[in-house]
Amino acid sequence: MHELLSRPAAAHLRGEVLGYRGFRFDVIGSRRRLLVPDGVVKVMLGFGDPLRVVDPCDPACSGSGVSLANGIRATAAIGEHTGLIRGVTVLLTPLAAHRLFGVPMSEWSRLSVAPQELCRRPWAGLPARLADIPDWDGRFALLDRVLHEALAGGPAGSPEVAWAWRRIQRTHGCTRIEELAAETGWSRRHLERRFRCQIGLTPKSAAQVMRLQTALRLRETGSNWSDAAAQAGYHDQPHFDRTFRAMTGRTPTAFHANRTAASPHDAQDFVPGQVTSALLTDHA
């Protein structure tokens, strides 16, 4: 049995809380999913069997649990699970996650950890409270209330970092870091340090994630890889191929094959308007 519900956050939370995904996946055997860099912080609050997130580049950064917080990454990870996983995933901007967790995002950007290990409030006990509510509407309403209160009490971020992050998003990663630094009045090194603290990546890595997402969306809407790469700002096809493999561990062709081989009943994307994963049928 598979169930996936998408719901926006309450109006006063939008722009910080990007939405909720209620899910129930009952799997016979195991399932593996390639999780693509997408610039979104995901907090999975589960009440089923555990999920494991594997970092192919650094196994020490892998983690498992029923509930997991995942910062934004510059390289892909692999999610693995068997049996029943059930819960709600909260989709956050990194700026909102910094306020909610109150710890430097750079300390856990590549980790998958239990959210209460980073910050007990508001996460401790929240999965159990969600599980006790019999319907999805009630669960989403509880999250609206809890997150609104927690965000109101979180640490204020730097306006310069917020501006730089939004500029990178608006330009789809096609902006010079020197220009960002000049606009903020900071040195490039100071911008990188403050940006990593509140976002989890350097501005350059964040821009790479945005360009990758642009190319993926263009390919999904019918462009070939060559045109998608050019429109996303890559110098040439070899440059795109190298970057794509470094960030996902797969070639563009292999990734697309995984996407198209999945059943239309299998949800692959958990963030609106973005390409966030591919189901894996091989062991590469």
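Residues numbered from 1 in each chain as written. Predicted model: local features only at pLDDT ≥ 70, side-chain atom pairs only at ≥ 80, totals over all residues. Heavy atoms only, no water.

Participant: What is the right way to read the overall build of the chain from this model?
Facilitator: Within the chain, the regular secondary structure consists of twelve helices and nine strands. Against the compact-globule benchmark of 19 Å for 284 residues, the chain has a radius of gyration of 18 Å, which places it among compact chains. Summarising its shape, the C-alpha atoms of the chain cover approximately 50 × 45 × 35 Å along the three principal directions. Looking at the chain as a whole, 52% of its 284 residues are labelled buried. Long-range contacts, defined as pairs at least 24 residues apart, comprise 69% of the intrachain contacts of the chain with a sequence gap of at least 6. (Helix = DSSP H or I, 4+ residues; strand = E, 2+ residues; numbered from the N terminus. Rg over C-alpha atoms; globule rule 2.2 N^0.38 Å. Buried < 20%, exposed > 50% of the residue type's maximum accessible area, 1.4 Å probe, protein only. Contact = heavy atoms within 4.5 Å.)

Participant: Would you take a moment to explain helix α8 (residues 188-199) for this structure?
Facilitator: Structural remark: α-helix, 3.6 residues per turn; residues separated by three or four positions point the same way. Counted at 1.5 Å a residue, the expected span for α8 with its twelve residues is 16 Å, and the 16 Å between its end C-alpha atoms agrees. All of the buried residues along α8 are Leu191, Phe195, Gln198 and Ile199. The arc enclosing the buried residues of α8, seen along the axis, measures out at 80°, which places them on a common side. On its buried face, α8 sits against α1 (94-101), α6 (159-170), α7 (177-184) and α9 (203-220). Positive phi shows up at Gly200, right after α8, with a value of about 110°. (Expected span 1.5 Å × (residues − 1). Arc of directions from axis to C-beta.)

Participant: Whenever I open this one, the side chain of Arg250 confuses me. Can you help?
Facilitator: By the element assignment, Arg250 lies in the loop between α11 (237-248) and α12 (252-261). Taking relative accessible area as the criterion, Arg250 reaches 9% and is therefore assigned buried. Here Asn258 takes part through its side chain, which lies 3.0 Å from a polar atom of the side chain of Arg250. (Polar contact = N/O pair within 3.5 Å; in protein donor to acceptor, adjacent residues only side chain to side chain.)

Participant: For this particular structure, what's the right way to read the environment of Glu178?
Facilitator: Along the chain, Glu178 falls in helix α7. For Glu178, a relative accessible area of 39% gives the class partly exposed. C-alpha separation for the pair Glu178 and Leu191, spaced 13 residues apart in sequence, amounts to 9.6 Å. Within the local environment of Glu178, its side chain forms a polar contact with the side chain of Arg188, the two groups lying 2.6 Å apart.

Participant: It is not clear to me how the state of the cysteines should be interpreted in this structure. Could you clarify?
Facilitator: What we call a disulfide is simply a covalent bond connecting the sulfur atoms of a pair of cysteines. On inspection of all chains with the given rule, the structure shows zero disulfides. Here Cys57 stays unpaired: no disulfide links it, and the sulfur of Cys61, its closest cysteine neighbor, is 9.4 Å away. Cys119 forms no disulfide, and the closest cysteine sulfur to it belongs to Cys197, at a distance of 15 Å. With relative accessibility at 18%, the residue Cys119 sits in the buried group. (Disulfide = S-S within 2.5 Å.)

Participant: Looking at this model, I keep getting lost on the packing of α6 against α8. Mind explaining?
Facilitator: Helix packing geometry: the angle between the two helix axes and the distance between the axes. Remark: α6 packs on α8, axes separated minimally by 10 Å, with the N-to-C direction vectors making an angle of 80°. Overall, the two elements α6 and α8 adopt an arrangement that is roughly perpendicular. Residues Val161, Ala164, Trp165 and Ile168 of α6 form the contact with α8, whose own contacting residues are Leu191, Arg194, Phe195, Gln198 and Ile199. Split into classes, the residues belonging to the contact of α6 with α8 amount to seven nonpolar, one polar and one charged. (Axes fitted to C-alpha atoms, helices over the stretch in contact; angles between N-to-C directions. Parallel < 35°, antiparallel > 145°, perpendicular 65-115°, else oblique. Nonpolar A, V, L, I, M, F, W, Y, C, P; charged D, E, K, R; others polar.)

Participant: Is there a simple way to think about unusual backbone geometry in this case?
Facilitator: Of note, the amide linkage connecting Arg121 to Pro122 takes the cis form, showing an omega dihedral of 5°. Its place among the elements puts Pro122 in helix α3 (residues 120-123).

Participant: Can you walk me through the packing of aromatic side chains in this structure?
Facilitator: Each aromatic ring pair is specified by the distance between its two centres and by the angle formed by the two planes. Taken as a whole and judged by the stated rule, the model has eleven aromatic pairs. Relative to Phe240, the ring of Trp225 lies with its centre 5.6 Å away and its plane at 35°, an arrangement referred to as tilted. Of this pair, Trp225 sits in helix α10 (residues 225-231) while Phe240 is found in helix α11, placing the two residues 15 residues apart along the sequence. The pair Trp225 / Phe240 is uniform in exposure class, with both members buried. (Phe/Tyr/Trp six-rings, centres within 6.5 Å; stacked < 30°, edge-to-face > 60°.)

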